[in-house]
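Listed below are the residues making up each chain.
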Amino acid sequence: MQHGRNAQCLRDRVTSEVGSDTISKRGWIPYWSAKRHLTCGNPSPHSAYSSKLFPWRGSAPAKLKTANAALVLCLNIDVDPPDVIKTSPCAVLECWVDPHTLPSHKALEAIGTNLQHQFEGLSLKIPYKPILDPSYEDLRRFCMTLRKQAKDDTVCFYYNGHGVPKPTPSGELWCFNRNYTQYIPVSLMELQSWLGSPGVYIWDCSAAGNLLTNFNNFAERRDQEVFNTRGGYPDGMQPYMHSLQLAACLAHEQLPSCPELPADIFTSCLTSPIDIALRYFIMTHLLPNNITPDMVMQLPGDLKDRRTPLGELNWIFTAITDTIAWTTFPRDLFTRLYRSDLLIASLFRNFLLAERIMKNYHCTPHTYPPLPPTNTHPLWSAWDLAVDTCLRQLPDLLAKAPNAGNTTPSLGPAVARTGRIGQQGSRGGTTGPQGEKPYQYVPSRFFADQLTAFEVWISRGGSALTKRGPLSLPVQNGGAGFEDGLVIDGNAGGKGLNTSHSDDLVPRKPPDQLPIVLQVLLSQPHRLRALILLSQFVDLGPWAVNLVLTIGIFPYISKLLQAAGQDLRPVLIFIWARIMAVDPSVQVDLHNTGGFKYFANVLGLTDDQPQHALPNSSEHKAMCAFILATVARDFYHGQMACWRERVFDSCFEKLKEGDFLLRQWSALCIAQIWEGNDEIKVYGVDRGTQDKLIPLLSDASPEVRAAAMYALGTFMGASGSADPAKQGGGGSGTQYQLEERTHFRMEVAVVTGATVVAKEDASPMVRKELLVLISCLVKEWRGYFVVCAWIYWEEDRKWRTEMNPQPHEEEVTSQAMSEWLDSVSDDDVAREENRVVLSSFFTIFVALLELTVDPYHEVATNAQTITDYIMALLLASPFYRLDCTTLDSAPISPNYRGPAAASHTRGQSLQSSPLTARPPTPVTTRPSLKRADTVSSTFSGVASTLRRTSSFASVLRSFAGGIAFPSVEEGRAPSSPLPGFSTASRLDAAQSRPPSPNFNLAQYTSPYSRPPTPTKTPLPPSPTEYDYTPLNVMEALMEEDMVRLRARRRSSVHGRRHTPDLGGLNGDLSSPSGSTFSTDSGSVPLGCGTGNGLRDVLPLKSSFFDWCCEYFKEPQMRQAEADEPGSVEYNYQVWRQQRNEQLIAEAQPKTTQAERVQWDKPVTSLQVGGNPLSMALHSYDPHLVVANDTDTISIWDWSQRKRLNHFCNGNPHGTSITSLHIINQDVGGIIIAGSADGIVRLYRNYDPALDQGPLQMVSSFRALDEMISVRRGSGIIMDWKQVGGSLLVGGDSRIIGVWDAHTELLLQNLETHSESPVTTIVSDNGSPSTFMAGFADGAIKMFDRRLEEDDAIVRTYYSHPSWVQNVKYHPRYSGQFLSASLAGDVRLWDVRGPERPIHALDLHPGGLSTFDVHPQTAVFATTSALTPANWRHQQLLLHSLADFNVLSSMMLPTGLPVYSPRPPSPYIPRYTSFAFHPLDMMYAIGEPDGTVKLMGCKLS
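As the structure is a computational prediction, the values presented were derived from the model and not from experiment.

A short note on the pairing of strand β28 (residues 1339-1344)
Item 1. In terms of residue burial, β28 counts as a mostly covered element, since six of its six residues are buried.
Item 2. Sheet topology places strand β27 (residues 1330-1335) next to β28; five bridges connect them, and they run antiparallel. Among the inter-strand pairings, M1332 is bridged to a residue of β28, identified as M1342.
Item 3. Taking the residues between adjacent antiparallel strands as the criterion, β27 and β28 are bridged by three residues, where G1338 takes a positive phi near 95°.
Item 4. With five bridges joining them, β28 and strand β29 (residues 1353-1358) adopt antiparallel strand pairing. By the bridge assignment for β29, K1341 is matched with T1356.

Focus on the environment of P1394
Item 1. Take P1394: it is sitting in the loop between β32 (1385-1390) and β33 (1399-1402).
Item 2. Overall, P1394 belongs to the partly exposed group, its relative accessible area being 42%.

A short note on the confidence of the model for the chain
Item 1. Per-residue pLDDT for the chain has a mean of 80; in total, 80% of the residues score no lower than 70.
Item 2. Across residues 897-991, confidence stays below pLDDT 50; counting only partners more than four residues off in sequence or on other chains, it has 218 contacts.
Item 3. pLDDT under 50 marks residues 1052-1085. Its contacts with residues more than four places away, or in other chains, come to 88 contacts.

A word on the packing of helix α11 (residues 309-328) against helix α13 (residues 342-358)
Item 1. α13 packs onto α11 with a crossing angle of 85° between their chain directions and a minimal axis gap of 9 Å. Judged by the inter-axis angle, α11 sits roughly perpendicular to α13. Residue-level inspection shows F317, T318, T321, D322, I324 and A325 of α11 in contact with α13, the latter providing R349, N350, L352 and L353.
Item 2. When its residues are assigned to classes, the contact of α11 with α13 shows five nonpolar, three polar and two charged.

Observations regarding the sheet that holds strand β23 (residues 1286-1291)
Item 1. The strand order across the open sheet formed by four strands is β22-β23-β24-β25, and the pairing between neighbours is antiparallel. In this open sheet, the two edge strands, each paired with only one partner strand, are β22 (1276-1281) and β25 (1305-1311). Within the sheet, the average angular offset between the axes of one strand and its neighbour, ignoring direction, is 20°.
Item 2. Strand direction decides the pairing type here: strand β24 (residues 1295-1300) and β25, joined by six bridges, are antiparallel. Residue pairing for β25: V1298 is matched across the bridge by Q1308.

As for the environment of Q118
Item 1. Tracing the sequence through the fold places Q118 in helix α4 (residues 104-122).
Item 2. Given a relative accessible area of 2%, Q118 falls into the buried group.
Item 3. Sequence separation of Q118 and P273 is 155 residues, and the distance between their C-alpha atoms is 10.0 Å.
Item 4. Among the polar contacts made by the side chain of Q118, one reaches the side chain of T271 at a distance of 2.6 Å.

Some thoughts on the sheet that holds strand β14 (residues 1174-1177)
Item 1. Strands sit in the order β14-β15-β16-β17 across an open sheet of four strands; the sheet is antiparallel. Of all strands in the sheet, those with a lone pairing partner are β14 and β17 (1202-1208), marking the two edges. For this sheet the average axis-to-axis angle between neighbouring strands, irrespective of direction, equals 15°.
Item 2. For strand β15 (residues 1183-1187) and strand β16 (residues 1192-1197), the ladder comprises five bridges, and the chain directions are antiparallel. The residue of β16 that forms the bridge with H1183 is D1197.

Let's talk about the nonpolar core
Item 1. Grouped together as the largest cluster of nonpolar side chains are 317 residues, with contacts concentrated most on F157, Y159, W203, F537, W576, W665 and F879.
Item 2. With residues up to four places along the chain from it excluded, the contact list for F537 reads F454, W457, I458, P510, P511, L514, W543, A544, L547 and V548.
Item 3. Grouped together as the second largest cluster of nonpolar side chains are 21 residues, W32, I1223, I1230 and M1278 included.

Topic: the pattern of salt bridges
Item 1. Under the criterion given, the structure shown has 51 salt bridges.
Item 2. Note that K759 is salt-bridged to E760, the shortest N-O span being 3.2 Å.
Item 3. Of the charged contacts in the structure, one is a salt bridge between D1344 and R1346, with a shortest N-O distance of 2.8 Å.
Item 4. Since its relative accessible area comes to 10%, D1344 is described here as buried.
Item 5. Looking at R1346, the relative accessible area reads 62%, which means it is exposed.
Item 6. Residues joined by salt bridges that share partners form a network here, namely R646, D649, E653, K656 and R687.

Points about unusual backbone geometry
Item 1. Cis peptide bonds are those with omega within 30 degrees of zero, and the linkage from Y368 to P369 qualifies with 0°.
Item 2. Turning to its location among the elements, P369 is positioned in the loop between β8 (366-368) and α14 (379-391).
Item 3. Cis geometry is found at the peptide bond from L1098 to P1099, where omega equals -5°.
Item 4. In this fold, P1099 is placed in the loop between β12 (1085-1086) and α42 (1104-1109).
Item 5. A positive phi is found at N76, a non-glycine position, where the angle reads about 45°.
Item 6. Relative to the helices and strands, N76 is located in the loop between β1 (66-73) and α4.
Item 7. Judged by relative accessible area, which is 13%, N76 ranks as buried.
Item 8. Positive phi is not limited to glycine here, since E1304 has a value of about 55°.
Item 9. With respect to the helices, strands and loops of the structure, E1304 is situated in the loop between β24 and β25.

The rules we used
Residues numbered from 1 in each chain as written. Predicted model: local features only at pLDDT ≥ 70, side-chain atom pairs only at ≥ 80, totals over all residues. Heavy atoms only, no water. Buried < 20%, exposed > 50% of the residue type's maximum accessible area, 1.4 Å probe, protein only. Helix = DSSP H or I, 4+ residues; strand = E, 2+ residues; numbered from the N terminus. Pairing = 2+ DSSP bridges. pLDDT = per-residue confidence, 0-100. Contact = heavy atoms within 4.5 Å. Axes fitted to C-alpha atoms, helices over the stretch in contact; angles between N-to-C directions. Parallel < 35°, antiparallel > 145°, perpendicular 65-115°, else oblique. Nonpolar A, V, L, I, M, F, W, Y, C, P; charged D, E, K, R; others polar. Polar contact = N/O pair within 3.5 Å; in protein donor to acceptor, adjacent residues only side chain to side chain. Core = buried A, V, L, I, M, F, W, Y, C linked by side-chain atoms within 4.5 Å. Salt bridge = Lys/Arg side-chain N within 4 Å of Asp/Glu carboxyl O.

Take a look at the structure:
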């Protein structure tokens, strides 16, 4: 079965903004618009999926289960009660027996037996006790016995009072004395005390309303007394008001006495509905001429056999009454009455028939709880049609039946031959008279027609969304989530075009046929069709799944897992995936019934088994993996069951499948199977699963990479539970099969490998999962991380104070490292192993520091939580008390460098250490990446600093110096002279932060359990009291980690995670406060044991699995709203596409004329504020994006001279935005900004007119890691190619990175073979593989991506004497390109000719500022540089490429008050900016005073 996942994959992986048909017209695909970019792996917090849906299993407090039943008959045959005057003739049948045809005692027995049989037809599992004409004492005894037997379950009490007086208005019913000479009243108060609670009461007598009303009055009084005296009922007991009642009529009404009806018509309707329904049909409908009432009484068949006429009618009746109840009653009432107990469901289902019939005889049956009237429901017409269709076949059925000659029913002995239909003659009419072929009964088309109606509802717009109203999903039937705002397609918080009207769209009212589809599942002929329709319905969302579960599909769909038919497999898997996604608690049911084996078998199928071929097998196997992952999640028995069924092995084999969804869920299934389960982790290590997952960290799909990281996280102890209270821990478990050191090295190797691969991943979702994995290692090996933090601190300090080293800190770390390596072993192999291990920890720690200043806020927040935990342990460790430490000194200002800093770099200092780990980024000496003073610089001591600031990571950033790039939190606020920020500085810092992502849910967690107090903390003891060295501390910390590992490995329970019995190890090792103390010869505690009071904040908890589960809650068969013809989003994109094509068509004729006319026509002028150093014009919208000389980006509507939006980019103070582009212009636009710190950031929703929601950061990543130190750099230079989605990034680096927007991976690092920075990059529009790059030394190089990274340069052009300002391809001739340098020279080149220019121009002898070529027409522009001799005005020249004539020459005022010899940005060697419009014949020029002029050509 194909579920349309191809379209869904396109939506998820490529776009949520526009329909695929709209995109395909131009071949452009919108990037960074998939769901992961809107959520970053966070489940939607306000979507309908996370809302509390209605409990479909029935609420426990009021759930009823019938244990037994008392059938009380007070008939007193032949003696009429004194208050009843019977008509003549009148109704006489009781349970289809005429009591006057038998002796009274035999008639009573026959009636009692028949009544018992009728109730047994409703539910066979319940014992029924007929109580015939009881005395008061008998009634009391029987009732108390029944309650004793039922315990806390429900007792059914049926009362037929046709032979006694009517109930009294005070609530008394009647029975007899022992001699039957008196009527004895029985108060309902007494009856309640005998029967207890809960109960089901059936009152079949005149004035039955008296009993129902008084019962409720007494019950309410009893419940109130219990609550007043005892505060409520004990567990297991239910209030009396929870009892159910069915009464035949109101208090002032009398039962009908129509002779055509039985006397107990209410009982007949409740217990033999088909018999009474057919009789009623005969009485109210005109039968065909050849059908008599006597023939109707002989309708053949068996109520239990759906293939016979009578059985089919019973089946249809059940479906119709179920549907009437479903469409009429509130959902909670429906679930309680119709889905809790078989007997209760049957009684209340048949009550609808009683209401329909008896209301026509001025009798009003009613219930408690009260039900809305249903006697005029339209579906009763469908019942009448089904009966009519069946009866029209009756003559042929009877004529060819064995007893064809006998048309009169024989009443005979009373019990066996009562007036029941279908109890005599042939059951199925399968054999006719001798020699004749039997008549074949034609089944009713009722179910087929209802399925067709259901199909029409789905296919004709029922699945579409609508506004709230009569045709929308009712609130009572929609759960709580629909009043809180439904989020369409699962993208809470916005999609591509989240227009305001879409917030009000809700699902339509579900089709009335839904309960009928459930009944059809019982029929083999219709089953597959019903399942397919059901799958299409549950695909609409969690609300649809919840409706289906509430109706009661679960038992049926569970039994179908035992069916052998392969045709049902795809649709069953699809439906079960939706059920598991909406209600994971079903995992227990699947485990207990063994249903999970069905999915395990499908997942284990291989392609070499054609007999078990599955259509679209990868998708369905991915669903199976999801179902099994949910079965195993946080459920030990489910984990072990999946393991025994070889699910783990199947997922292991599927990790290399071609389908990304199958790879993703195979990894997630492994993650849940071994989460917290030591035995399965041992098995996984034996199979090398962790080594199989590491290559997936380079997978083309970000979801697969994150899933593999999630699996490694649960392997290392992260919690995969849905319970937020379960934090995880315990590393990789016991691993008792490995040696201790091997176990240790394996854990370190797993995290190191993952860190090296993923720390530069462009997807913040993957980086978030990496931090979860690192936090697991920090949790278990915190001692090693404390050592790394100490080394980092001391090395950084020494690097910053190079000229004034204190004697005791000269070689502290180097000496300690050497001593440690010497003390471990004399064996060189062992020494190297230990050095590599500590280097691995140091690599992870440095990566962690980098991540604390990650441009994506959630990543930085989580990294700060981990880093601050390590720093808190460092300050609590004995390192703090060493006499050679600098931990007790104030941190040095991040801007401070010793006088010798220029000649001695941080990298050299670290290289001198036995640790050979390289710093992540070499420091640039020009210009220094200045940071604002952090809070830490205002305090005198580190200990007090860290306890009083909100984040230790700010301190870490301050001493990280030039290694870790600054955080977005660090604004340009000046340091306050007082502790903390002043109000103004806090305001400035807040304003300098970039826009937040859509779901910015990460929360920083302090390692301190108590909030900081202003009281002064006591100083630690003087260092002179202790006599130990850094080596002693290092050994103690590392030994403590090994003790923790040994305690974990000694765990006796291998299958389940369990807290190790630490015995005398001074408490639980899972928290720092309970760490073991390592003691030296002087009995001085070492290790982290001094870290009392630290909060146990690790490991971090991931929400990635819950986010992945949302995939199976979102519609996959239904088109996205943007693809739905007629929707606002669809119409908007169609309009936009037509508008774009019109603009392109209008621009084409202008291109040739523009080459010959002047370009000095003013269009508009803007005052943008700041110096507009980078600009980008939108191709289709009148939008201009401007970046100033610091970090502010503003968006302008130039047609209205109106600023649409502005925000800070968040790059560090002293850096600039050096590259700016608008991508996805066909469907709207995303701004992509590159800054000199090597970071690329993307922003969406910048146009408030579209009402897409707030401005948001889509993604951000470090595009250039290895930034080189140069005297004058270019920062970061980007080129974006929409077709293919490639981003070329160069700049202050020896490489040009090729990033793929599809996969969010770095595809290539192309060597530039140049010491000069890249100054410009331009892609070849004709070839997807070649591009040109200009350099600061005047060189221009052509690269071919198809070649090896080291040899990708195919041509090199040397003609420019200095910095290449820009390179552009000729707009007309594909083989030619133009270039210009700051020296003022412009060159035209032909790649097919020699490596020299074919034309050269020297336009600006004083220097050139900007150069650009119009993409559509053969026109280029240059502006002159500002010089001391000419800075008040700037010359603008526009040339034709056809003959190189000057089209326009203008002198533009700069607006500068004085000349500045240094440009505004150290990375941009110009004061002004220039940009051609990508499509129209116009351009924008930005001046230093903040003026932006837009001008165009003078077309005739």
